[in-house]
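# Topology and contacts: notes
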Amino acid sequence: MNYYLGIDCGGTFVKAALFDEQGIVQSLARENVSVISEQAGYAERDMSQLWAVCANVIKNVIIQSKINAEDIKGVGISAQGKGAFLLDKEQQPLGRAILSSDQRSLENVKRWQAEEIPQQLYPLTRQTLWTGHPVSILKWLQENEPERYAKIDKVLMSHDYLRFCLTGQLHCEETNISESNLYNMSAGKYDPALAERLGLQNILEKLPLVIKPNEIAGYVTEQAAQQTGLAAGTPVVGGLFDVVSTAYCAGLDDETKLNVVLGTWSVVSGITDHIDETQTLPFVYGRYVEANKFIVHEASPTSAANLEWFLKQWSDLSYQQINEGITKLAPASSSILFVPFLYGSNAGLGMQASFYGIQAHHTQMHLLQAIYEGVLFSLMHHLNRMLQRFPHANILRVTGGPAKSAVWMQMLADLSGMRLEIPQVEETGCLGAAMMAMQGTGRKTTELKALTSEMKVFEPNPNHYAAYQAKYQRYQKLTEALKVML
């Protein structure tokens, strides 16, 4: 039998999974990879350490599987988008990678907003401008670390860098680089006018050629084979932006379905075959896996990482204990509101996290319930906007860690009033990447067994809808009031 390796480089872990020809997981390994934050607003990653972790995870998944490396017929990588992974002229890491959650470029973005640069670029890029975009980071480096900026030879994103470590070949993968603000969405290519307008005139020559997600980018080198246990010469494809990977595995086949991802980021995505020029909101578009299709999405780093932070600081409860405890509380009855802006905001640049409304009778479980609610209230900002672009959507397909929590999912169904479908797919980031490897090496993926299992369904409880909507309105008033403090 043939096997395919999917790698998922996320905000917290690097995962690797081996799949058989039906997309069924045969082996899974993961390892934490640290985010370095030595100054307020900084989020960096040691690039050499990232590759070492990735190589070790690949080696471990092969060992655990007891599969012959020669039977692994292709490799794909799914990863976080945005950020900047820079190489010098010797093709060595040029300092630490700067991640999409980094906020050092906040003043640059504020200046661009004041100059209405985002509105000028949007008709070409179909992107907003925020701190994690490559252009924002590059502008900050140009102004604050000019010597480092001058040494840049290649600008990559995380899966581009890992693919380079595997193959020695340099490319920028389309689903990810299409959202860089240096790519003309309609034309499907880099646009010098964008770099010129942002004052990054020479940067396009630092961007490698664009490659499709299911196109072979190169082959595992002898050196990478020794480090990972893969067979030298194994094909490696372009890979995927992880948001695209998850939407692909969720089976979005028309505009009645939206994909919700709850992980480090809250993401709402839809798939379309056209750019809607009639919309007044600046919806973010990106190139999709399928030809002539786009992914449209709204996102912010306001999701389950807030829960992980709280548990790390103040609780040793298991997820089962948390879910059981929250189930015993009346829905949306607590006065506590949690604003989940530990790692970024979708309500205003520079806004921070907080609890509000705590009283003496409240317990730790009330705080945890408020975190569950706050994450979903923040998600509703994106969902309500996306429903303007996809007005016929009536189903949410939800993936990510919180999708394993029945109480959290019922809360989302009750708050949104929409039917939830939970795909029973293991490791969507890894699977989407492996599917690209399958396609790149000639295997069809239209009827994989892994994608045909019955979904778990949550129907909204109309008796709870009013209570959640009332609390959500309080949350919105709180975030508006907090903007005064910026």
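Rules used throughout
Residues numbered from 1 in each chain as written. Predicted model: local features only at pLDDT ≥ 70, side-chain atom pairs only at ≥ 80, totals over all residues. Heavy atoms only, no water. Helix = DSSP H or I, 4+ residues; strand = E, 2+ residues; numbered from the N terminus. Rg over C-alpha atoms; globule rule 2.2 N^0.38 Å. Buried < 20%, exposed > 50% of the residue type's maximum accessible area, 1.4 Å probe, protein only. Areas by Shrake-Rupley, 256 points an atom, 1.4 Å probe, with all protein chains shown as cover. Lys, Arg positive; Asp, Glu negative; His and termini not counted. Charge placed at Lys NZ, Arg CZ, Asp CG, Glu CD. Contact = heavy atoms within 4.5 Å. Core = buried A, V, L, I, M, F, W, Y, C linked by side-chain atoms within 4.5 Å. Pairing = 2+ DSSP bridges. UniProt positions renumbered as here; feature names shortened; annotations may be inferred. Axes fitted to C-alpha atoms, helices over the stretch in contact; angles between N-to-C directions. Arc of directions from axis to C-beta. Phe/Tyr/Trp six-rings, centres within 6.5 Å; stacked < 30°, edge-to-face > 60°. Lys NZ or Arg CZ within 6 Å of the ring centre and 35° of its normal.

Moving on: the overall build of the chain. Check the secondary structure of the chain and you find 16 helices and 24 strands. Here the C-alpha radius of gyration of the chain, 22 Å, is about what a compact globule of 486 residues would show, namely 23 Å. Seen through its principal axes, the chain has C-alpha atoms that stretch 60 × 55 × 45 Å. A total of 486 residues make up the chain; the buried ones form 58% of that total. When the accessible area of the chain is evaluated, it comes to approximately 19500 Å², of which 49% is carbon and sulfur surface. Charge separation in the chain, taken as the distance between the mean sites of 40 positive and 49 negative side-chain charges, equals 2 Å.

Relative to the assigned elements, His-159 resides in helix 6 (residues 158-167). Here His-159 falls in the buried class, since its relative accessible area comes to 0%. Those residues in contact with His-159, other than ones at most four positions away along the chain, are Ile-77, Ala-79, Glu-173, Asn-176, Gly-238, Gly-239, Leu-240 and Phe-241.

Take the nonpolar core next. If you look at the biggest cluster of nonpolar residues, it comprises 69 residues, and the most contacted ones within it are Leu-5, Ile-7, Tyr-161 and Leu-166. Residue contributions to this core peak at 10 residues, all from helix 1 (residues 47-65). Setting aside its immediate chain neighbours within four residues, Leu-5 contacts Ala-16, Ala-17, Leu-18, Ile-58, Val-61, Ile-72, Gly-74, Val-75, Gly-76, Leu-230 and Ala-434. Among the nonpolar cores identified, the runner-up in size contains 62 residues, and Val-260, Ala-332, Val-398 and Ile-422 belong to it.

On to the pairing of strand 18 (residues 284-287). Judged by which residues are buried, strand 18 turns out to be covered on both faces: Val-284 and Gly-286 on one side and Tyr-285 and Arg-287 on the other are all buried. Bridging between strand 18 and strand 19 (residues 294-300) involves four bridges; their strand directions are antiparallel. Within the sheet, the bridge partner assigned to Gly-286 lies in strand 19 and is Ile-295. Where strand 18 folds back onto strand 19 in an antiparallel hairpin, the turn is made up of six residues, including Asn-292, whose phi is positive at roughly 65°.

This chain's UniProt record puts "domain: Carbohydrate kinase FGGY N-terminal" (unreviewed entry) on residues 3-249. End C-alpha to end C-alpha, residues 3-249 measures 18 Å, and it is 36% helix and 23% strand.

Turning to the sheet that holds strand 19, a few remarks are in order. The sheet built from seven strands is open, its strands ordered 18-19-17-16-22-23-24 with mixed pairing. On the outer flanks of this sheet lie strand 18 and strand 24 (456-458), each paired with one strand and no other. The average undirected angle you get between the axes of adjacent strands in this sheet is 30°. Helix 10 (residues 242-249) rests against strand 16 (257-262), strand 17 (266-272), strand 18, strand 19 and strand 22 (395-399) of the sheet, and its axis sits at about 115° to strand 19. Across the face of the sheet, helix 14 (residues 406-416) comes into contact with strand 16, strand 22, strand 23 (419-422) and strand 24 while running at roughly 145° to strand 23.

The subject of this paragraph is helix 12 (residues 319-327). Note: α-helices contain 3.6 residues per turn, so residues at a spacing of three or four share the same orientation. Of all the residues in helix 12, the buried ones are Ile-322, Asn-323, Gly-325 and Ile-326. With its buried residues spanning 165° around the axis, helix 12 presents them on a single face. Along helix 12, the residues that are exposed and aim more than 90 degrees away from the buried face are Gln-320 and Thr-327.

The next thing to look at is the packing of aromatic side chains. In total, this model carries 13 aromatic pairs according to the counting rule given. Between Tyr-42 and Trp-140, the aromatic rings sit 6.3 Å apart at their centres with planes inclined by 90°, giving edge-to-face as the arrangement. With Tyr-42 in the loop between strand 3 (25-32) and strand 4 (44-45) and Trp-140 in helix 4 (residues 134-144), this residue pair connects regions lying 98 residues apart in the sequence. Per residue, the accessibility class of Tyr-42 equals that of Trp-140, and both read buried. Judged by centre distance (5.6 Å) and plane angle (50°), the rings of Trp-130 and Trp-265 are tilted. Placement of Trp-130 in the loop between helix 3 (117-125) and helix 4 and of Trp-265 in the loop between strand 16 and strand 17 is noted, with a sequence separation of 135 residues between them. Three or more aromatic residues joined by ring pairs make a cluster, and in this case those are Trp-309, Phe-310, Trp-314, Phe-338 and Phe-355. It is Arg-104 that lies over the ring of Tyr-42; its NZ or CZ is 3.7 Å from the centre. Directly above the aromatic system of Phe-390 lies the positively charged group of Arg-389, at a separation of 4.8 Å from the ring centroid.

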